[in-house]
Amino acid sequence: MAKIIQMRSPGDPSVLEIVQAEIGAPGPGQVRLVQDAIGINAVDGLVRKGLYPMALPAVPGFEAAGVVDAVGQGVTAFAPGDRAAYFFAQGAYATVALVPASALVPLPDDVDVTTAATILAKGLTAWMGLRALYDLNAGDTALVLGASGGVGSLLSRWAKALGGAVIGVAGSLDKLDKVQAGATHALLASDPQAAARIHEIAPAGVDVVYDLIGQATFNLAADVVRDGGVIATIGAASGQPKPSTQALARRGVQIRGGGTPQHVRGPTVAVATGELWAAHRAGLFDDLETARYPFDAIARAHADMDARRMIGLPVLIP
Ligand SMILES: NC(=O)c1ccc[n+]([C@@H]2O[C@H](COP(=O)([O-])OP(=O)(O)OC[C@H]3O[C@@H](n4cnc5c(N)ncnc54)[C@H](OP(=O)(O)O)[C@@H]3O)[C@@H](O)[C@H]2O)c1
């Protein structure tokens, strides 16, 4: 029997129940994946709280990695024994899952399943920011709002490696050191001098703001982005901002956004994952910790996520 994590109603972490389940054979176009590592992402918290509605009962989670043990009719790209991962298919909180083959990416020999489930979704979201929303070049100055979080910690290190000057902003004081390690400058979101300090670093304003925080810091983003610059609104961990789009448009500031599955799709998936694995091999993310949670400790993982006390990139291990 497999185990799944199911929610029958939205609510606090206690709504996540561990249930035994018979998974069955894969249908046409599906593979059955024995999942050795499952990604935990901010969106999973939104699903649990009912802010990202799903038909209930639901199995949350969108990301996992493991080994294919059966394939359904019409699947030719994968065979039993292949190692694979996915970053956007519903129902990932399970020890075994039926996954559309079209959602899977093959894993290179040197990328282990835990690494894959830890960095695939967050890393491809970082890639979306650095390549699709604003093509970051050496010499650009980037402000990363939420540099202490999962996506932001990968994005800021990657942006720095591309030659950008990175101003990383943490939400919590105890995460400032880690942000400093992955950026050129580090600031606290609640610092009343944050805008003044950023204007000192980049007198004409920053070329791009990668925004993962949203409401709590949007005024800062609007204040420090240069005329003609870009605000890439990737996430809104503190709530949706209400930007004064007319004022920004008058300054030629573009707001760009979207979801990772919209930007990383079709042939772009292989390009983006290839660049992500290359960044991983180059050691860009080596200083980041992994926060491993046993499968049965999913409620604790969500409680840590809610309380913003997660240190490191979270992953669920069956
Ligand atoms: N567009 C997409 O496809 C896509 C993909 C992935 C993620 N996202 C979104 O991106 C956001 C970040 O994801 P993540 O995985 O990096 O989440 P995360 O690990 O929970 O990080 C959240 C970040 O926001 C900061 N933060 C949260 N509330 C804050 C507040 N009130 N004031 C200041 N800072 C605050 C946190 O600071 P501290 O931890 O230092 O307190 C942390 O740096 C989420 O909203 C997520 O839903 C979007």
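A. Fine view of the overall build of the protein. Check the secondary structure of the protein and you find 10 helices and 15 strands. Counting only C-alpha atoms and orienting by the principal axes, one finds that the protein spans roughly 60 × 40 × 35 Å. Split into buried and exposed, the 318 residues of the protein put 45% on the buried side. Restricting to contacts in the protein with at least 6 residues of sequence separation, those with at least 24 account for 65%.

B. Quick peek at the site of the ligand. In the vicinity of the ligand lie 27 residues, with Ser148, Gly149, Gly171, Gly235 and Ser238 positioned nearest. Elements that contribute at least two residues to the shell around the ligand include exactly helix H1 (42–49), helix H2 (113–133) and helix H3 (150–161). Counting residues per element, the shell around the ligand draws most heavily on H3, at 3 residues. Residue composition of the shell around the ligand, by class: 11 nonpolar, 13 polar and 3 charged. Looking at the shell around the ligand, you find at least three residues from each of domain 1 (2–107 + 288–317) and domain 2 (123–261).

C. Seen up close, helix H9 (residues 268–281). The end-to-end C-alpha distance of H9, which contains 14 residues, comes to 20 Å, matching closely the 20 Å that a straight helix rising 1.5 Å per residue would cover. For H9, the complete set of buried residues consists of Ala272, Thr273, Leu276, Trp277, Ala279 and His280. Each buried residue of H9 sits inside an arc of 155° when the element is viewed along its axis, so together they form one side. Exposed residues on H9 whose side chains face more than 90 degrees from its buried face are Ala270, Gly274, Ala278 and Arg281.

D. View of the nonpolar core. One finds Leu143 and Val144 to be the most contacted residues of the largest nonpolar core, which totals 95 residues. Broken down by element, this core gets its largest block of residues, 12 residues, from H2. Residue-level mapping places this core at the junction of two domains, with at least three residues from each of domain 1 (2–107 + 288–317) and domain 2 (123–261). Once residues lying within four places of it in the same chain are set aside, the contact partners of Val144 are Gly152, Leu155, Ser156, Ala159, Val166, Ile167, Gly168, Val169, Ala183 and Tyr210.

E. Region of interest: the sheet that holds strand E9 (residues 165–170). Taken together, the 6 strands give an open sheet; going across it, the order is E10-E9-E8-E11-E12-E13, and neighbouring strands pair in parallel fashion. Edge strands, defined here as strands with exactly one partner in the open sheet, are strand E10 (185–188) and strand E13 (254–257). Averaged over all adjacent pairs, the angle separating strand axes in this sheet is 20°, with direction ignored. In terms of strand pairing, E9 meets E10 through 4 bridges, oriented parallel. Residue pairing across strands places Ala170 opposite Leu188, the latter belonging to E10. Across the sheet, H3 touches strand E8 (141–145), E9 and strand E11 (206–211), and the angle it forms with E8 is around 170°. Strands E8, E9, E10 and E11 of the sheet are contacted by helix H5 (residues 194–201), whose axis makes an angle of about 165° with E10.

F. A look at the packing of H2 against H9. The N-to-C vectors of H2 and H9 enclose an angle of 115°; their axes lie 10 Å apart at closest approach. Crossing handedness for the pair H2 and H9: right-handed. Counting all contacts with H2, which are made through Thr115, Ile119, Gly123, Leu124 and Trp127, the residues of H9 involved are Ala272, Thr273, Glu275, Leu276 and His280.

G. Highlighting unusual backbone geometry. Put simply, Leu56 and Pro57 share a cis peptide bond, and its omega is 0°. Relative to the helices and strands, Pro57 is located in the loop between H1 and strand E4 (64–71). Here the phi dihedral of Arg308 falls at roughly 55°; this positive angle occurs in a residue that is not glycine. Residue placement: Arg308 occurs in the loop between helix H10 (298–306) and strand E15 (313–317). Taking the number of C-beta atoms within 10 Å as the measure of exposure, Arg308 has 13 and is therefore partly exposed.

How each quantity is defined
- Residues numbered from 1 in each chain as written.
- Predicted model: local features only at pLDDT ≥ 70, side-chain atom pairs only at ≥ 80, totals over all residues.
- Helix = DSSP H or I, 4+ residues; strand = E, 2+ residues; numbered from the N terminus.
- Buried ≥ 20, exposed ≤ 12 C-beta atoms within 10 Å, placed from the backbone.
- Contact = placed C-beta atoms within 7 Å.
- Near = placed C-beta within 6 Å.
- Nonpolar A, V, L, I, M, F, W, Y, C, P; charged D, E, K, R; others polar.
- Domains from an automatic or database assignment.
- Expected span 1.5 Å × (residues − 1).
- Arc of directions from axis to C-beta.
- Core = buried A, V, L, I, M, F, W, Y, C linked by C-beta atoms within 7 Å.
- Pairing = 2+ DSSP bridges.
- Axes fitted to C-alpha atoms, helices over the stretch in contact; angles between N-to-C directions.
- Left-handed = near helix turned anticlockwise from the far one by under 90°.

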